[in-house]
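# What the coordinates show
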Amino acid sequence: TRLGESSFGPVWSKDESKLYIIGIDQGASALYEVDMNGDLQPIDKEDHHVFGFSYHSETESFILGISTPTNPCNFYLLKQGNRTQLTDSNKTFLDEVALSEPEAFTFERNGFDIQGWILRPYGFKEGEKYPLVLEIHGGPHAMYGQTFFHELQLLAAKGYVVLYTNPRGSHGYGQSFVDAVRTDYGGNDYEDLMKAVDVALERYDFIDENRLGVTGGSYGGFMTNWIVSHTNRFKAAVTQRSISNWISFNGVSDIGYYFTEWEHGTSFLEDPEKLWAFSPLKYVKNVDTPLLILHGELDYRCPIEQGEQLFIALKQLGKEVEFVRFPGANHELSRSGDPTMRIHRLEQICRWFEQYL
């Protein structure tokens, strides 16, 4: 329903003594001001997502674009610390649908506080058990947060508990948190996600531990592949625009020639064995989870050969796997792709989880 980051950079204040920027912290994004000494102060900070702003220097006021987990977006006037809502553009939509409010939780692991959220399913009733779907974001240097995410709400509407979290490597928790995933893909980031599932099962007794699903795209697709090749606790998985082989990724991805070394500390020419050790394809014989592979044919970031290699290996091993190709679709399929294909992609995800969960 809404996509994209603001297309502008920092904006000078009227007296040019400070800059106005959007900053992220603990899953939320807000409007900040920073002075010439680097002192950073929030101007408007709540558990929401400021996705854009416009500054009027004469009146020293702002127009803010804000999204929340239960409202795609609205625009607000911010003047002298007072915020006034200007639009109610999603009222008709929101009157017609039921949305789940996220419940936040945190846990500590190896010196880091890991933040996560769950959405309860539509029609939730105390005393009943519900299947869970773990969603893993891409990047890995990105984050989930306090914003409207249609895919998560759709899964909740279909009757799933939805778990999403920001494992180490995510943005919004400091640079050391970001750097903690580098050279350790499939290590502590994997353990963060598994601990998040454990914590959710401990805190929410309505989750059926025997009906767990997992999905993610890009880095989230890599991690989905890693998860199903390292544990059998999930009964269904959907891997999207994923990475399965870092050796070939090094040479075929539009960012492979630098991203591989940046993230893993080596390149194909220096240490192919190390890249192979990070590759889910190496562990494909361990996969017993039914896996649906979704991939765009014109994806240059995570080229479709990544999905093809995984599919062929699983077919040769006689595993339960399906491969859905999206002609003409690139890495942005789920966000700004052809609307018909975006709908089809969501239908495929729902179909797979309905079949196996």
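Heads up: the structure comes first, above all this text.
The structure reproduced in this document is the subject of the present report. Since the structure is predicted, the reported quantities are computational estimates derived from the model, not experimental observations.

### Considering the sheet that holds strand 16 (residues 321-326)
Spatially, 9-10-12-11-13-14-15-16 is the arrangement adopted by the eight strands of the open sheet, whose pairing is mixed. Two strands bound the open sheet, and with one partner strand each, they are strand 9 (103-109) and strand 16. Adjacent strand axes in the sheet meet at a mean angle of 20 degrees, parallel and antiparallel pairs treated alike. Here helix 9 (residues 305-316) sits on the sheet in contact with strand 14 (236-240), strand 15 (291-296) and strand 16, set at roughly 155 degrees to strand 16.

### Quick look at unusual backbone geometry
A cis amide bond links G139 to the next residue, P140, at an omega of 5 degrees. Backbone geometry places Q80, a non-glycine residue, at a positive phi of 55 degrees. Residue position: Q80 is located in the loop between strand 7 (71-79) and strand 8 (82-85). A positive phi angle is found at R241, which is not glycine, with a value near 35 degrees. Along the chain, R241 turns up in the loop between strand 14 and helix 6 (246-252). Using a relative accessible area of 12% as the deciding quantity, one classes R241 as buried.

### Looking at the nonpolar core
Proteins that are soluble and globular tend to have nonpolar side chains buried together. If you look at the biggest cluster of nonpolar residues, it comprises 81 residues, and the most contacted ones within it are L134, L163, M223, I227, W246 and F353. The element that contributes the greatest number of residues to this core is helix 4 (residues 188-203), accounting for seven residues. Listed in part, the 10 residues of the second largest apolar core include F53, Y55, Y76 and L78.

### Here we look at the pattern of salt bridges
According to the stated counting rule, one finds 20 salt bridges in the structure shown. One salt bridge in this structure joins R120 and E126, with 3.8 Å as the shortest N-O distance. The exposure class of R120 is partly exposed, given its relative accessible area of 23%. Overall, E126 belongs to the exposed group, its relative accessible area being 63%. Here R325 makes a salt bridge to E308, at a shortest N to O gap of 2.8 Å. Taken together, the positions of R325 in strand 16 and E308 in helix 9 put the pair 17 residues apart, joining distant regions of the chain. The class for R325 is partly exposed, based on a relative accessible area of 37%. Among the residues examined, E308 registers a relative accessible area of 28% and is labelled partly exposed. One salt-bridge network, in which partners are shared between bridges, spans D44, E46 and R83.

So, how was this worked out
Residues numbered from 1 in each chain as written. Predicted model: local features only at pLDDT ≥ 70, side-chain atom pairs only at ≥ 80, totals over all residues. Heavy atoms only, no water. Pairing = 2+ DSSP bridges. Helix = DSSP H or I, 4+ residues; strand = E, 2+ residues; numbered from the N terminus. Axes fitted to C-alpha atoms, helices over the stretch in contact; angles between N-to-C directions. Contact = heavy atoms within 4.5 Å. Buried < 20%, exposed > 50% of the residue type's maximum accessible area, 1.4 Å probe, protein only. Core = buried A, V, L, I, M, F, W, Y, C linked by side-chain atoms within 4.5 Å. Salt bridge = Lys/Arg side-chain N within 4 Å of Asp/Glu carboxyl O.

From the geometry alone we can't say anything about function, so treat these as descriptive.
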